[in-house]
Amino acid sequence: MPILLGVNIDHVATVRQARYARNAGSINIEPDPVEAALAAERGGAAGITAHLRQDRRHIVDRDIFRLKEAISTKLNLEMGNTLEIVAIVLKVLPADVCLVPESREEITTEGGLDCVTHRSLLEPTVKALRDVGIAVSLFIDPAPEQIAAAAALGAPVVELHTGAYAEATGTARDAELARLIRAAKLAAETGIQVNAGHGLNYTNIGPILTLPKLVELNIGHSIVSRSLFVGLEQATREMVELLNPQVFNTDGDLRLS
Ligand code: PXP
């Protein structure tokens, strides 16, 4: 099975908001995250990921509705567990939702969701989203107690937080990789789909491909960064090739569809 790539396009919106957040009426607004999503799809993305944050620092509500309409793969919406965002998601009805912890001070999602401590708060949200057919994923640290809590919550998917691995070097990095491998194995044995993401890039991705039963990786910052030099379609294609070396034939066409 190929490893699927979800391309997170938040930072395309970050560039737009840097100029136009306070000038939303401008006739010059760019870049468009929807255009970015279509380019990522042409490069072989299996899905488009976007995080509608409470502070709307990058993706805004309109983007989500437009993305859902425009893309031909699947939309994976990342969200914090708030009633306001749940209400929006129930209107958009993305294929996937990934519940993440969210604090206004953070630069990006910093830790995994604590499903042990917040179980009673998460329970109604997981249920409400599952009841309308959304595949709910919980973004968790690769810890056995978090996987047990995710299972108890009835989440069909977890996304293992690879941030600690991405930030570590030497033996600490080996230890983080081993934690991820143990967590992936445990999740799969528990019947939960294994996704992973955060902090992954073109150079640290290799060892992550050894996670057992890995289905999908969500990658944003490094792909958007590389797209400045080679374009988003090509930056996506290069990552898809790293995940699945056999995917493209010699003409550069996708072999899988
Ligand atoms: N997965 C989750 C749950 C995230 O919150 C993020 C960051 O928005 C990513 C993956 C992508 O992380 P990065 O931008 O570091 O690739």
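Heads up: the structure comes first, above all this text.
Residue positions are given per chain, counting from 1 as you read along its sequence in written order. Local features are withheld for residues below a pLDDT of 70 in this predicted model, meaning they are given only at 70 or higher, and side-chain atom pairs are given and counted only at 80 or more; totals for whole chains, interfaces and linings count all residues. Note: side-chain values were computed over all heavy atoms of the structure, leaving out hydrogens and water.

**Concerning the pairing of strand β8 (residues 214–219)**
Logical step 1: Accessible area is worked out with a 1.4 Å probe on protein chains only. A residue is then buried under 20% of its type maximum, exposed over 50%, and partly exposed in between. Under the scheme used here, helices are H or I runs from DSSP no shorter than 4 residues and strands are E runs no shorter than 2 residues, and both carry numbers assigned from the N terminus. Extensive coverage of β8 is indicated by the burial of five of its six residues.
Logical step 2: Two strands qualify as a pair provided that DSSP identifies no fewer than 2 bridges between them. Judged from the four bridges that link them, strand β1 (residues 4–8) and β8 form a sheet pairing that is parallel. Bridge pairing in β8 places L4 opposite E216.
Logical step 3: The pairing of strand β7 (residues 193–197) with β8 spans four bridges and is parallel. Each bridged residue has a counterpart across the sheet, and for A196 the counterpart in β8 is L217.

**Focus: helix α8 (residues 170–189)**
Logical step 1: Compared with an ideal rise of 1.5 Å per residue, which puts 20 residues at 28 Å, α8 spans 29 Å between its outermost C-alpha atoms and is within 8% of the ideal.
Logical step 2: Taken as a whole, α8 has its buried residues at E176, L177, L180, A183, A184 and A187. Buried residues of α8, viewed axially, fall in a sector of 125°; they line one side. Among the exposed residues of α8, those oriented more than 90 degrees off its buried face are T171, R182 and E189. Multiplying 1.5 Å by the residue count of a helix minus one yields the expected span of that helix. In this description, the arc belongs to the directions extending from the helix axis to the C-beta atoms.

**Let's talk about the environment of E167**
Logical step 1: Relative to the elements of secondary structure, E167 occurs in helix α7 (residues 163–167).
Logical step 2: Its relative accessible area of 69% is what places E167 among the exposed residues.
Logical step 3: Residues E167 and A39, 128 residues apart in the sequence, show an inter-C-alpha distance of 29 Å.

**With respect to helix α6 (residues 144–153)**
Logical step 1: Within the sequence span of α6, burial applies to Q146, I147, A149, A150 and L153. Down the axis, α6 shows its buried residues gathered within 160° of arc, on one side only.
Logical step 2: Two residues form a contact once any of their heavy atoms are found within 4.5 Å. Buried residues belonging to α6 abut α5 (119–131), β5 (135–140), β6 (157–161) and α8.
Logical step 3: Downstream of α6 by one or two residues, G154 has phi in the positive range, about 80°.

**A look at a nonpolar patch on the surface**
Logical step 1: Nonpolar side chains (Val, Leu, Ile, Met, Phe, Trp, Tyr) within 5 Å and like charges within 9 Å form the patches, drawn only from residues with over 30% relative accessible area and no salt bridge. Note that accessible areas follow from Shrake-Rupley with a 1.4 Å probe, and for residues the cover is restricted to the protein chains shown. The salt bridge definition used is simple: a Lys or Arg side-chain nitrogen within 4 Å of an Asp or Glu carboxyl oxygen. Where nonpolar side chains cluster on the molecular surface, the patch consists of L90, L93 and V132 and spans about 220 Å² of accessible area.
Logical step 2: Following the sequence through the fold, V132 ends up in the loop between α5 and β5.
Logical step 3: According to the relative accessible area criterion, V132 is partly exposed, its value standing at 43%.

**A few points about the side chain of N218**
Logical step 1: Inspection of the secondary structure puts N218 in strand β8.
Logical step 2: Setting aside residues up to four positions removed in sequence, N218 forms contacts with G6, T49, N76, E159, A196, G197 and H198.

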